[in-house]
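Coordinates in review
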Amino acid sequence: MWQDIPRHDVDDRLWNYCLDNSKHGQPFLQLWYLDSCEPSWQPLVYDNYLGISAYLPIHKGPLKFAVAPLFVPQTGPAFIDDMEFENVISDLKRFLGTKFFIFSLPLATSLIFTSYSHYKKTYILDLSQDFKFSENHKRNLHKGQKENLDISISNSNAKDFVDFFWQSRGKNLSDYRLFHKDRLKNLTEIIMAKKTGEIWWVKSSKGDPLAGALFMWCRDIVYFIEGTTSDEGRSKRAMFILFFEALKSFSERGYKLFDFCGSSDSGVGRFYKGFGGTETLIPLLTGGLLWPLIPRQLKNRFL
C-alpha cells in the first residue's frame with residue numbers, strides 16, 4: 001500500500017536502499033536532489049520502502065493537485081526489482097485518485113505497459129556509437145564553427161549561470177508551477193559541490209555569454225538539466241556548438257548514454273532529435289476526481 005509521509009519522517013537509509021536496488025531508479029529521486037530543487041516535495045512510500053516516488057502538492061483554493069517537482073523529469077517509482085510493476089503502478093494510481101482532483105506524474109522510461117493514455121518524449125543518445133547528426137544540424141554546426149566562439153567548462157559559478165538563464169529565458173516562463181530562480185541556483189550549487197555535474201559555456205570573442213547548459217551524471221548516464229541561449233547565441237548557433245562539444249567530451253570520458261530529459265515543446269524536441277538520439281517514451285500517470293470532466297485544453301497543461 002502506498003502512503004505519503006512527511007519528509008522529516010523518511011528513513012534515508014531505506015529510501016536509498018530501494019533506489020540503489022531498483023532498475024527503475026532515477027537520479028532525480030535522490031533525496032539530496034529533491035531537497036535541493038523543491039523544498040515542498042512530498043515523499044511516497046510503498047510497503048515499508050519496497051517502492052518510493054515523489055510529487056509536488058499544489059493547492060488552488062479547495063482543489064488539490066499533484067505534479068512532478070520542478071527539475072524532476074521522471075518520478076520513478078523505484079521499487080525492488082522482483083515486484084510486479086504493473087501492480088505497483090495501479091496501486092499508485094488508485095492511491096492518488098483518492099487524494100487529488102487532478103494528478104499527472106511522469107514515470108521512468110522503463111515502465112512501459114498498456115494502461116497509459118498519455119506520454120511525453122525524450123531522446124537518449126548512445127555515446128559509445130558514432131554520432132549521426134541530421135543534415136540540418138550539420139549545417140548549423142558548420143555555421144557556428146565559423147563564429148570563433150569560446151567554449152569552456154565550469155565547476156562553480158552557479159550564480160552566473162542562473163543569472164544568464166533568468167535574463168535570457170526565465171522571466172518569460174509561464175509554467176503553471178511557476179519558476180523559482182533561487183531553486184535552480186540551489187540545485188546548481190549542490191550539483192557542483194557534489195561533483196556530479198558541470199556547467200558548459202559558449203561565449204563570444206568578447207567574452208559575452210551566448211549559451212549555457214547544466215549537466216548532471218549518475219553512474220554511466222549524463223542528464224541535461226537546464227540550459228538557455230541569448231538572441232545573439234541563437235544567430236551564431238551557440239547551442240549547437242555547446243551540445244556538439246559536450247557530447248564529444250562525455251563520450252571520450254567513457255559515459256555510455258546521454259538523456260536529453262524531454263520537452264513538451266516540439267521545436268526543442270526536434271533540436272534533441274537532430275543529434276541522433278533515439279526517441280523514448282516517458283509514460284504519464286494521470287487521473288483524479290476531475291480528470292474525466294475537464295476539457296482537453298486544460299488537461300494539456302498537465303501533460
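Residues numbered from 1 in each chain as written. Predicted model: local features only at pLDDT ≥ 70, side-chain atom pairs only at ≥ 80, totals over all residues. Heavy atoms only, no water.

On to the layout of surface pockets. Its volume calculated, the second largest pocket comes out at about 260 Å³. The set of elements that each furnish at least two residues to the lining of the second largest pocket consists of strand 11 (221-229) and strand 12 (257-259). If one sorts the elements of the lining of the second largest pocket by residue count, strand 12 sits on top with three residues. Tallied by class, the residues present in the lining of the second largest pocket amount to eight nonpolar, six polar and four charged. (1 Å grid on protein atoms, 1.4 Å probe; cavity = no way out; pocket = protein on both sides within 12 Å on 5 of 7 lines; lining within 4 Å. Points joined across faces, edges and corners; volume = space filled by probe spheres on them. Helix = DSSP H or I, 4+ residues; strand = E, 2+ residues; numbered from the N terminus. Nonpolar A, V, L, I, M, F, W, Y, C, P; charged D, E, K, R; others polar.)

Turning our attention to the pattern of salt bridges. Two side chains of opposite charge can pair, provided their charged atoms sit close to one another. Evaluated as defined, the whole model comprises 13 salt bridges. The network of salt bridges with common partners includes Arg-7, Asp-12 and Asp-35. (Salt bridge = Lys/Arg side-chain N within 4 Å of Asp/Glu carboxyl O.)

Let us look at the nonpolar core. Judged by nonpolar contacts, the single largest core of 38 residues is most densely connected at Trp-15, Phe-28, Tyr-33, Ile-191 and Ile-225. Mapped onto this core, the elements with two or more residues apiece are helix 1 (12-20), helix 2 (31-37), strand 3 (51-60), helix 5 (158-168), helix 6 (181-193), strand 9 (197-203), strand 10 (209-218) and strand 11. It is helix 2 that contributes the most residues to this core, five residues altogether. If we ignore the near neighbours within four places in the chain, the residues touching Ile-191 are Trp-32, Tyr-33, Thr-196, Gly-197, Leu-214, Phe-215 and Met-216. Formed by 31 residues, the second largest nonpolar core is a distinct cluster that contains Leu-125, Val-222, Ile-241 and Tyr-272. (Core = buried A, V, L, I, M, F, W, Y, C linked by side-chain atoms within 4.5 Å. Buried < 20%, exposed > 50% of the residue type's maximum accessible area, 1.4 Å probe, protein only. Contact = heavy atoms within 4.5 Å.)

What follows deals with the packing of helix 4 (residues 135-144) against helix 8 (residues 238-252). The contact between helix 4 and helix 8 brings their axes to 8 Å, and the two run at 100°. Judged by the inter-axis angle, helix 4 sits roughly perpendicular to helix 8. Counting all contacts with helix 4, which are made through His-137, Asn-140, Leu-141 and Gly-144, the residues of helix 8 involved are Phe-240, Ile-241 and Phe-244. Along the lines of polarity and charge, the residues of the contact of helix 4 with helix 8 split into four nonpolar, three polar and no charged. (Axes fitted to C-alpha atoms, helices over the stretch in contact; angles between N-to-C directions. Parallel < 35°, antiparallel > 145°, perpendicular 65-115°, else oblique.)

Our next topic: the state of the cysteines. Taken as a whole and judged by the stated rule, the model has zero disulfides. A disulfide-free cysteine, Cys-218 has its sulfur positioned 12 Å from the sulfur of Cys-261, the nearest such atom. By relative accessible area, which is 18% here, Cys-218 ends up buried. According to the relative accessible area criterion, Cys-261 is buried, its value standing at 12%. (Disulfide = S-S within 2.5 Å.)

This brings us to the packing of aromatic side chains. Here the structure, examined in full by the defined rule, presents 32 aromatic pairs. Taking 6.2 Å as the distance between ring centres and 75° as the angle between the ring planes, the aromatic pair formed by Phe-161 and Trp-201 counts as edge-to-face. Residue Phe-161 is found in helix 5, and its partner Trp-201 is found in strand 9; the two are separated by 40 residues along the sequence. Considered together, Phe-161 and Trp-201 belong to a single accessibility category, that of buried residues. Their ring planes at 55° and their centres at 5.7 Å tell us that Phe-164 and Trp-201 sit as a pair that is tilted. With a gap of 37 residues between them, Phe-164 in helix 5 and Trp-201 in strand 9 connect regions that are remote in the sequence. There is no split in this pair, since Phe-164 and Trp-201 are both buried. Note that Lys-64 overlies the ring of Phe-100, its terminal NZ or CZ placed 5.5 Å from the centroid. In this structure, Lys-203 is placed above the aromatic ring of Trp-201, and the distance from its NZ or CZ to the ring centre is 5.4 Å. (Phe/Tyr/Trp six-rings, centres within 6.5 Å; stacked < 30°, edge-to-face > 60°. Lys NZ or Arg CZ within 6 Å of the ring centre and 35° of its normal.)

What follows concerns unusual backbone geometry. A cis amide bond links Gly-76 with the next residue in sequence, Pro-77, at an omega value of -5°. Residue position: Pro-77 is located in the loop between strand 4 (63-67) and strand 5 (78-79). Not every positive phi belongs to a glycine, and Tyr-49 is a case in point at roughly 75°. Classification of Tyr-49 as buried rests on a relative accessible area of 9%.

Right, let's talk about helix 8 for a bit. A turn of α-helix holds 3.6 residues, and therefore any two residues three or four places apart point the same way. Between its first and last C-alpha atoms helix 8 spans 21 Å; for 15 residues at 1.5 Å apiece the expected length is 21 Å, and the two agree. Buried residues dominate helix 8, accounting for eleven of its 15 residues. Positive phi shows up at Gly-254, right after helix 8, with a value of about 95°. (Expected span 1.5 Å × (residues − 1).)

What follows concerns the environment of Phe-100. Looking at where Phe-100 falls in the secondary structure, it is placed in the loop between helix 3 (85-97) and strand 6 (102-106). A relative accessible area of 2% places Phe-100 in the buried class. Measuring from C-alpha to C-alpha, the distance between Phe-100 and Asp-130 comes to 46 Å, with 30 residues separating the pair along the chain. Residues in contact with Phe-100, not counting those within four places in the same chain, are Tyr-55, Lys-64, Phe-65, Ala-66, Gly-288 and Leu-289.

Just geometry here; none of it tells us what the structure is for.
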